[in-house]
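Listed below are the residues making up each chain.
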Amino acid sequence: MKNFNPTNTERRFKAHVSAIGTTQLHLRNPYIIAWWSAAFPGFGHLLLSKYLRGYALFLWEIVVNNMANINLAIVYSFTGNINMAKEVLEPRWMLLYLPVYFFGIWDSYRTTVDMNKVFILAERENADFASYNIGAVEINYLDKRRPIMAVLWSMFTPGLGQLYIHRVLTAAFTMIFMIVFVYYSNVLVAIHYLFIGEIGQATAVLDPQWFLFIPSHFGFGVYDSYVNTVENNKLFESEQRKFLKKKYQHFRVKIPQKE
């Protein structure tokens, strides 16, 4: 059940509130979105709520990166072992990796520019949209939440910040793959060895190929939860402002003044 059903006479809507999340248009910096696509293909599109494209690029990155041993080569190159970096690279998969990697960066930049133009038009039209949705499995509604809480929960476990602001799809995706990366990288085992003072053993047990996925994934969880909390708050204020103007502004309300 929704508190508003669109008539579909409007050309553009700036938000959609459903049982699994709130999707909205807002202004974004194309360079920041492109940077996230460079850090991890798919992240830029997920920030734009282009989920199918983002998931496809994300899965492609994991598969092809592992087959080409790119992360492992990066670790060797950072430690000055250039010959070993060349040795571990698989050229057949590496050459397959590059075109899609650059496409992700270019496409996320181009899409951001286009979506910013669409947002400006949707903002001017200011069409009504449902701000409340209740169903058999979930309830979602616009309200104000604290960005710092989204950041803190994301720092504990990536995905919890998205759950806090009801981005269910992104939250499930982020949490599932965080488990995959942590498990295959043996990072928790390495932390256990660090706590008992076995630094050499902690370094030896880490799998650098899987471990290098974690920093980008962790940072994405924090950034995405923060930005969307801020934008959801703006969307709530915009919808509330329009509702009050429509329902009450035409009445001549006198506010008593204290003498």
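What counts as what
- Residues numbered from 1 in each chain as written.
- Predicted model: local features only at pLDDT ≥ 70, side-chain atom pairs only at ≥ 80, totals over all residues.
- Heavy atoms only, no water.
- Helix = DSSP H or I, 4+ residues; strand = E, 2+ residues; numbered from the N terminus.
- Expected span 1.5 Å × (residues − 1).
- Buried < 20%, exposed > 50% of the residue type's maximum accessible area, 1.4 Å probe, protein only.
- Salt bridge = Lys/Arg side-chain N within 4 Å of Asp/Glu carboxyl O.
- Core = buried A, V, L, I, M, F, W, Y, C linked by side-chain atoms within 4.5 Å.
- Contact = heavy atoms within 4.5 Å.
- Pairing = 2+ DSSP bridges.
- Axes fitted to C-alpha atoms, helices over the stretch in contact; angles between N-to-C directions.
- Parallel < 35°, antiparallel > 145°, perpendicular 65-115°, else oblique.
- Left-handed = near helix turned anticlockwise from the far one by under 90°.
- Nonpolar A, V, L, I, M, F, W, Y, C, P; charged D, E, K, R; others polar.
- Phe/Tyr/Trp six-rings, centres within 6.5 Å; stacked < 30°, edge-to-face > 60°.

Remarks on helix α3 (residues 51–68)
- Over its 18 residues, α3 extends 25 Å from the first C-alpha to the last, a length consistent with the 26 Å expected when each residue adds 1.5 Å.
- Of all the residues in α3, the buried ones are Y51, G54, L57, F58, W60, E61, I62, V64, N65, N66 and A68.
- N69, located one to two residues past α3, shows a positive phi value of around 60°.

Considerations on the pattern of salt bridges
- Applying the stated rule across the entire model yields 11 salt bridges.
- R110 is paired through a salt bridge with D107; the nearest N and O atoms lie 2.6 Å apart. Of this pair, R110 and D107 both sit in helix α6 (residues 91–125), 3 residues apart, roughly one helical turn.
- A salt bridge links D224 to R167, with the shortest nitrogen-to-oxygen separation between them at 3.3 Å. Here the residue D224 occupies a position in helix α13 (residues 213–248), and R167 occupies one in the loop between α8 (160–164) and α9 (168–185), the gap between them amounting to 57 residues. Accessibility assignment for this pair places D224 and R167 in one class, buried.
- Among the charged side chains, a salt-bridge network with shared partners connects R53, D107, R110 and D114.

Considerations on the nonpolar core
- Membership of the largest hydrophobic core comes to 24 residues, with the highest contact counts inside it found for F40, F43, F58, I62 and F181.
- Only α1 (30–39), α2 (43–47), α3, α6, α9 and α13 provide two or more residues apiece to this core.
- Here the element with the most residues in this core is α9; it accounts for 5 residues.
- Sequence-distant contacts of F181, that is, excluding residues within four places in its chain, are made with F40, F58, I62, W210, F213, I214 and H217.

Digging into the pairing of strand β2 (residues 21–24)
- Judged from the 4 bridges that link them, strand β1 (residues 15–18) and β2 form a sheet pairing that is antiparallel. Paired with S18 across the bridge in β2 is G21.
- The antiparallel hairpin formed by β1 and β2 contains 2 residues in its connecting segment.

What about the packing of helix α7 (residues 147–156) against α13?
- Between α7 and α13, the shortest axis-to-axis distance is 8 Å and the interhelical angle comes to 160°. It follows that α7 is roughly antiparallel to α13 by the angle criterion. Here α7 runs over α13; the crossing is right-handed. Contacts from P147, A150, V151, S154 and M155 of α7 reach α13 at F218, G221, V222, S225, Y226, T229, V230 and N233.
- Considered class by class, the residues forming the contact of α7 with α13 number 8 nonpolar, 5 polar and no charged.

A look at the packing of α3 against α9
- Relative orientation of the contacting elements α3 and α9 amounts to 5°, with a least axis distance of 12 Å. Our classification of the angle between α3 and α9 gives roughly parallel. Here Y51, Y55, F58, L59 and I62 of α3 lie close against α9, whose contacting residues are L169, T170, F173, F177 and F181.
- Of the residues belonging to the contact of α3 with α9, the class tally is 9 nonpolar, 1 polar and no charged.

Observations concerning the packing of aromatic side chains
- Summed over all chains, the structure comprises 28 aromatic pairs.
- Seen in terms of ring centroids, W35 and W36 are 5.0 Å apart; in terms of plane orientation they differ by 85°. Their pairing is edge-to-face.
- With a relative accessible area of 8%, W36 lands in the buried category.
- Arranged with centres 5.1 Å apart and planes meeting at 25°, the rings of F181 and F213 form a pair that is stacked.

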